[in-house]
Amino acid sequence: AEGKLRFTRKPDGKSVEGSAACGDMVAVYIKVDPETKVLSDVKFESYGCASNIATGSIITEMAKGKTLEEAKKISWQQASEALGGLPPMKAHCSVLAVAGLRAAIANYEEKHGLVTEREPTTEQVVRYRLRHVMNPLTGLDLVRTKLVKEIEVQAGRVRVVVDLPADHQFAAAIKQDIVEKTEPLWDVEEVVVEFTE
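Residues numbered from 1 in each chain as written. Predicted model: local features only at pLDDT ≥ 70, side-chain atom pairs only at ≥ 80, totals over all residues. Heavy atoms only, no water.

Remarks on the sheet that holds strand β6 (residues 148-154)
Stated formally: Pairing between strands is defined by DSSP: at least two bridges between them are needed. What counts as a helix is a DSSP run of H or I of at least four residues, what counts as a strand is a run of E of at least two, and both are numbered from the N terminus. Between N-to-C directions, angles span 0 to 180 degrees; the directions come from axes that are lines fitted to C-alpha atoms, helices contributing only their stretch in contact.
Ordered by their spatial adjacency, three strands build an open sheet running β6-β7-β8, and the pairing between neighbours is mixed. Single-partner strands in this sheet number two, and they are β6 and β8 (190-195). Going across the sheet, the axis of each strand differs from the next one's by a mean of 10 degrees, ignoring polarity. The pairing of strand β7 (residues 157-162) with β8 spans six bridges and is classified as parallel. The partner of R159 across the bridge, within β8, is V192.

With respect to unusual backbone geometry
Residues other than glycine seldom take positive phi values, yet K37 does so here, at roughly 60 degrees. Mapped onto the fold, K37 is located in the loop between β2 (24-32) and β3 (39-47). In this structure, K146 is a non-glycine residue whose phi angle is positive, near 55 degrees. Mapped onto the elements, K146 comes out in the loop between β5 (140-141) and β6.

Re the side chain of S46
Heads up, the rule is: In this scheme, a residue with accessible area under 20% of its type's maximum is buried, one over 50% is exposed, and one in between is partly exposed, where area comes from a 1.4 Å probe on protein chains only. Contacts described as polar in this section are N or O atom pairs within 3.5 Å, which, within protein, must combine one atom able to donate a hydrogen with one able to accept it, while residues neighboring in sequence count only if both atoms come from side chains.
In this fold, S46 is placed in strand β3. Overall, S46 belongs to the buried group, its relative accessible area being 1%. Within the structure, the side chain of S46 is placed 3.2 Å from the side chain of N52, a separation counted as a polar contact.

Quick look at the structure:
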């Protein structure tokens, strides 16, 4: 992974956007000052072309030192301009980097009760979240590879049934990823992941 940078401590917010199977994927990790809500550090992991690596790098530079609200306003056009422009066929790289940053901020805000739009969690909301859980076998998400057999949302409890055996080599990683993606939702108190065998 190019552009790979790790925190010595667990990040306050993180995200993964894109798909390795499509050729471009970026993971963004943020540290946030709890008092000022300023991004004290931003790091990324990039899997993909040079443009993907460059946009991930420029986004971290642009976001560091900004408040969460300021960082959310960074646009993919600004990222592209900061790099001196990108060819049209590579514009998606800056879109991906900005999406990763915004998703990491949203992850932080959810975990710290800062989300103001509090719509009830539905099956559709959970299914959208599961589109960001990768199936390591294919590099595609669980929804596209049709591994999500059932989603049940009831009274603060989310139950997800995955069409894999419990002793599958990636079962534990997939379960952890599902929990990490759905547990921060404001009205979710428990996430249960079950396997079909």
